[in-house]
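Chain residues, written in single-letter form:
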Amino acid sequence: MKSLVLCCAIGLAAVLGMPAAWAMDQTAGPSQTTHRLLVRLHESPNVGRSAPPSGAPVARQDRTAERLQALMARLAIQGTPKHRLGDGAWVLRLDQPRSLREAEQLARVLASQPEVADVGVDLWVRPQAFIPNDPHFFEQWALLPRDARVAGSAHFSDAWDVPGAAFTGSPSVIVAVIDTGWVPHPDLDGAVLDGYDFVSSGSIDGQDVAGDGDGRDGDPSDPGDYCVPRGEASSWHGLKMTSLIAATIHNGRGIAGAAPGVRVQHIRALGRCGGWLSDVTDALRWAVGDSLSGVPDNPSAAQVRVVSLSLGSAPGLDCSSGAYRYVREAVDRARAAGVLVVAAAGNESSESVSLPAGCPGVLAVGAHTSQGDLADYSNRSPRLSLTAPGGGCGAGPGALCDPVLILTLGNDGERAPGRPMDRDQTGGTSAATPLVAATAALMFSMNEALTADQVRTILTETARAHPEGSYCAIHPGMCGAGMLDAEAAVRRVRDGPWPGFERGGGGGALSWVWTLALIAAAGWAQRLRVAGCAPVAGSSGSSGGCRS
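Residues numbered from 1 in each chain as written. Predicted model: local features only at pLDDT ≥ 70, side-chain atom pairs only at ≥ 80, totals over all residues. Heavy atoms only, no water.

**Student:** Please clarify how the overall build of the chain should be interpreted in this entry.
**Tutor:** A tally of regular secondary structure across the chain gives 13 helices and 15 strands. Burial statistics for the chain: of 548 residues in total, 56% are counted as buried. Nonlocal contacts in the chain, meaning residues at least 24 apart in sequence, comprise 69% of its contacts between residues at least 6 apart. Working note: accessible area of the chain is about 21,300 Å², and carbon and sulfur atoms make up 52% of it. (Helix = DSSP H or I, 4+ residues; strand = E, 2+ residues; numbered from the N terminus. Buried < 20%, exposed > 50% of the residue type's maximum accessible area, 1.4 Å probe, protein only. Contact = heavy atoms within 4.5 Å. Areas by Shrake-Rupley, 256 points an atom, 1.4 Å probe, with all protein chains shown as cover.)

**Student:** Even after reading the chapter, I still don't get the side chain of histidine 266, so can you show me in this structure?
**Tutor:** With respect to the helices, strands and loops of the structure, histidine 266 is situated in strand S9 (residues 263-268). Its relative accessible area of 0% is what places histidine 266 among the buried residues. Among the polar contacts made by the side chain of histidine 266, one reaches the side chain of threonine 242 at a distance of 2.9 Å. With sequence-adjacent residues up to four places away left out, histidine 266 is seen in contact with Val177, Gly181, Trp182, Val192, Leu193, Asp194, Gly195, Tyr196, Pro220, Gly238, Leu239 and Thr242. (Polar contact = N/O pair within 3.5 Å; in protein donor to acceptor, adjacent residues only side chain to side chain.)

**Student:** What should I look at first to understand the sheet that holds strand S3 (residues 90-99) in this one?
**Tutor:** What holds strands together in a sheet is hydrogen bonding between their backbones, with the strands either parallel or antiparallel. Pairing is antiparallel in the open sheet, where four strands are placed in the order S2-S3-S1-S4. Of all the strands in the sheet, the pair left with one neighbour each is strand S2 (79-84) and strand S4 (116-121). Taken over all neighbouring pairs, the strand axes of this sheet differ in orientation by 30° on average, direction set aside. Sheet topology places strand S1 (residues 33-41) next to S4; five bridges connect them, and they run antiparallel. Bridge pairing in S4 links leucine 38 to glycine 120. On top of the sheet, helix H4 (residues 100-111) reaches S1, S3 and S4; it is set at about 140° to S3, its chief contact. (Pairing = 2+ DSSP bridges. Axes fitted to C-alpha atoms, helices over the stretch in contact; angles between N-to-C directions.)

**Student:** Could you clarify how one ought to interpret the packing of aromatic side chains in this entry?
**Tutor:** Within the structure shown, the criterion is met by five aromatic pairs. Aromatic side chains phenylalanine 137 and phenylalanine 138 sit 4.9 Å apart centroid to centroid with 85° between the ring planes, which places their arrangement in the edge-to-face category. Like phenylalanine 137, the residue phenylalanine 138 is buried in the burial classification. Relative to phenylalanine 198, the ring of tyrosine 196 has its centre 5.0 Å away and its plane inclined at 55°; by these criteria the two rings are tilted. Neither tyrosine 196 nor phenylalanine 198 differs from the other in exposure class; each is buried. Grouped by ring-pair contacts, the aromatic residues Phe137, Phe138 and Trp160 constitute a single cluster. (Phe/Tyr/Trp six-rings, centres within 6.5 Å; stacked < 30°, edge-to-face > 60°.)

**Student:** Can you walk me through the sheet that holds strand S5 (residues 174-179) in this structure?
**Tutor:** The strand order across the open sheet built from seven strands is S6-S9-S5-S10-S11-S12-S13, with neighbouring strands paired in parallel fashion. Single-partner strands in this sheet number two, and they are strand S6 (192-197) and strand S13 (386-389). The mean angle between the axes of side-by-side strands here comes to 30°, regardless of whether they run parallel or antiparallel. Two elements, strand S11 (residues 340-344) and strand S12 (residues 363-368), share three bridges in a ladder whose sense is parallel. The residue of S12 that forms the bridge with alanine 343 is alanine 364.

**Student:** Please explain the packing of helix H9 (residues 429-446) against helix H10 (residues 452-461) as it appears in this structure.
**Tutor:** At a closest axis distance of 10 Å, the pairing of H9 and H10 adopts a crossing angle of 120°. In terms of orientation, H9 and H10 fall into the oblique class. For H9 against H10, the interelement crossing comes out right-handed. Contact residues: H9 offers Val436, Thr439, Ala440, Met443 and Phe444, while H10 offers Ala452, Val455, Ile458 and Leu459. Here the residues of the contact of H9 with H10 are counted per class, giving eight nonpolar, one polar and no charged. (Parallel < 35°, antiparallel > 145°, perpendicular 65-115°, else oblique. Left-handed = near helix turned anticlockwise from the far one by under 90°. Nonpolar A, V, L, I, M, F, W, Y, C, P; charged D, E, K, R; others polar.)

**Student:** Would you mind showing me how to read helix H12 (residues 486-495) here?
**Tutor:** Since the α-helix packs 3.6 residues into each turn, any two residues three or four apart lie on the same face. All of the buried residues along H12 are Ala486, Glu487, Ala489, Val490, Val493 and Arg494. The arc that holds every buried residue of H12, seen down its axis, measures 165°, which confines them to one face. Where H12 is buried, its residues contact helix H5 (156-159), H9 and H10. The backbone nitrogen of glutamate 487 lies 3.3 Å from a side-chain oxygen of the residue at the head of H12, namely aspartate 485. Remark: glycine 496 follows H12 within two positions and exhibits a positive phi of approximately 35°. (Arc of directions from axis to C-beta.)

In structure tokens form, the structure reads like this:
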């Protein structure tokens, strides 16, 4: 099994451009054994004298080594004195690794001898980085640390390790996900709060939009958003977007969310074939605490700090005009409530962004690949705030395509909900948006006194430049401030100062446990272009269509 894991780790490293040495280094867990003791003898011949200084003549050191070897022979301890430390102790290498308990017992035996001053147990140490044991974590290139050298990663695993940070987020911070609604998955147990269903009754292209028979109600469950006129199966889009934020970390199952310590409130505004922007804006107003006619107030509104919108209209519309002013008003209500609105820029390869991402005050998110190039489907515009991992093929000259897009949880139901899937994938500015929302949630978790405008500023000021030769480097001003960098943003919050700043509790390092699923890299190594959209594929290999 160990050789299989090593093989897979190195293979994935090659696919994503990670150094193989980095992948190899991660296959070994922290040692619970040792084969070294530290033995300091009293100086001969008078017991009780201090050891000679480290600069003592070689012959004197050799005599000490001979005395140590004689002691070991007398006690039947197999090992070899290796070298002397600065305090006069000798490093004794045992013939085989011992458990720490065995090593401590052996140290007590040695320390009981009259010629021994003291004995210590040497330990193997390593950098205190947190790496989850979720089986598909190492396919989640958007979360990998800086050491993995994946140009497009947002470095979430580094953000979790920032000293003084709130680790993986606080449950007092809620991200409202306005999408297709909620379908249960064990890897999200405890992370999801009840929301509301804002999908209006009615039909489009002959298909009932709501799909649940009763229009708006208090049940945000996703009955399936399949679209018969377009021949599309249910996408379980809301589940996928939620999993990118809050999938349970380090539970040996599925994937890791980018901010798994926070909670998500599902608000359904998309039904079969899509949804109406007016339902989305009602959902947004409800999420941030507005009272709406005929709808009970949101009991969790006070804790909603971020709204994630992986959806959009046709690009290029102006929400400042009278026809779309209602979108601007809903965004303004969110801003007045101190809530950051994050929205997908769209997947039309257009030089403008969709609504609501195009509204002032909304953080508009484009998508980039694992190589750090703008994804070819992503909208690009001076209105873009930044880009985040979305996968696919690059827009720059000679760009490559990602063998793995953005891993998510899923469901195998074609129309109605079926069985939970621990590994699915999607792409697009849809996938990029919840990763930005998750970063904002980590920031609010560290300092809940931050304002939405402060978080927006930090996210853009800490964004990394796109790589040289990429589309964004060649076309400055079209891709926002740069690429999302979760670690840099969290560090900026820590280093402040910001009003009301308090350090949260840091998370200690956990075991590095590696289980890596094999991926079919060859199938994804070809250019994936579907009518200018982000390719969305399920684990079965069937196309899941394109989403904003």
